[in-house]
Amino acid sequence: MKRSGRWRHELPFIGTVALIIVLDQISKALVRAYLLPGESVPDHGFFRLTHVINTGASFGLLQGKNVALAVTGAIGVLAIILYYRYLSSHGMLIRLALGLQLGGAIGNLIDRARRGYVTDFFDVGAWPVFNVADSSLVIGIALAAVFTLFKEKAHSSSPASKPPGESPP
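Basis of the calculations
Residues numbered from 1 in each chain as written. Predicted model: local features only at pLDDT ≥ 70, side-chain atom pairs only at ≥ 80, totals over all residues. Heavy atoms only, no water. Buried < 20%, exposed > 50% of the residue type's maximum accessible area, 1.4 Å probe, protein only. Helix = DSSP H or I, 4+ residues; strand = E, 2+ residues; numbered from the N terminus. Pairing = 2+ DSSP bridges. Phe/Tyr/Trp six-rings, centres within 6.5 Å; stacked < 30°, edge-to-face > 60°. Patch = residues over 30% accessible without salt bridge, like charges linked within 9 Å, V, L, I, M, F, W, Y side chains within 5 Å. Areas by Shrake-Rupley, 256 points an atom, 1.4 Å probe, with all protein chains shown as cover. Salt bridge = Lys/Arg side-chain N within 4 Å of Asp/Glu carboxyl O.

Caption draft 1: Focus on the pairing of strand E3 (residues 118-124). The buried fraction of E3 is high, at six of seven residues. Here strand E2 (residues 47-54) pairs with E3 via six bridges, running antiparallel. Paired with Arg48 across the two strands is Asp123, which belongs to E3.

Caption draft 2: Spatial organisation of the sheet that holds E2. Ordered by their spatial adjacency, three strands build an open sheet running E1-E2-E3, and the pairing between neighbours is antiparallel. In the strand order of this sheet, the two ends are held by strand E1 (40-41) and E3, each with one partner.

Caption draft 3: Quick peek at the packing of aromatic side chains. Counted under the stated rule, the structure contains four aromatic pairs. Seen from their ring centres, Phe121 and Phe122 are 4.5 Å apart, and the 50 degrees between their planes marks the pair as tilted. Classification of Phe122 by relative accessible area gives partly exposed; the value is 21%. Pairing Phe122 with Phe130 gives two aromatic rings, centres 5.5 Å apart and planes at 45 degrees, and the pair type is tilted. Phe130 sits in the partly exposed class, given a relative accessible area of 24%. Among the aromatic residues, ring-to-ring pairing joins Phe47, Phe121, Phe122 and Phe130 into one connected group.

Caption draft 4: Structural context of a nonpolar patch on the surface. Where nonpolar side chains cluster on the molecular surface, the patch consists of Val22, Ile26, Leu30 and Tyr34 and spans about 440 Å² of accessible area. Note on Tyr34: relative accessible area 65%, which makes it exposed.

Caption draft 5: Local environment of the pattern of salt bridges. As enumerated under the stated definition, the model contains three salt bridges in all. The shortest N-O distance in the salt bridge between Asp111 and Lys28 comes to 3.1 Å. Pair noted here: Asp111 is in helix H3 (residues 92-115) and Lys28 is in helix H1 (residues 2-34), with a separation of 83 residues, a long-range link. Since its relative accessible area comes to 0%, Lys28 is described here as buried.

Shown next as structure tokens:
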């Protein structure tokens, strides 16, 4: 009985990780199948799908440093898992945030391990071209920040966190 409750607790996290990896890998496979590197659909416009082979990190940094980025990604995956084990009892928002981060990190790590580069394709305005995994990481980090801010605010406004003799507002 207790075991099924544990799985129900873990399902949002595991499901989010799996969903992001699947969406990321399928979308990248479709881009590689239908667009040549450098090709965009449409040719011009604010939002395009552009096939980019990225041997670096975000914003074109560290081009050609695939091994270092793969090692950093693997360390990031382990850190997210350890952080999840520590914070998973804190609610749905943090489980979702960490699931998005882990799914995104694994998605890009799969590319680095299998191909030696990451396939990017969302080309929006002046932003560097990105992919589903990148989006998932950014959204997951933003949700974790919201979680941290609300948790800190709730903690600082609780009566237990007030100095002795100070009454709650």
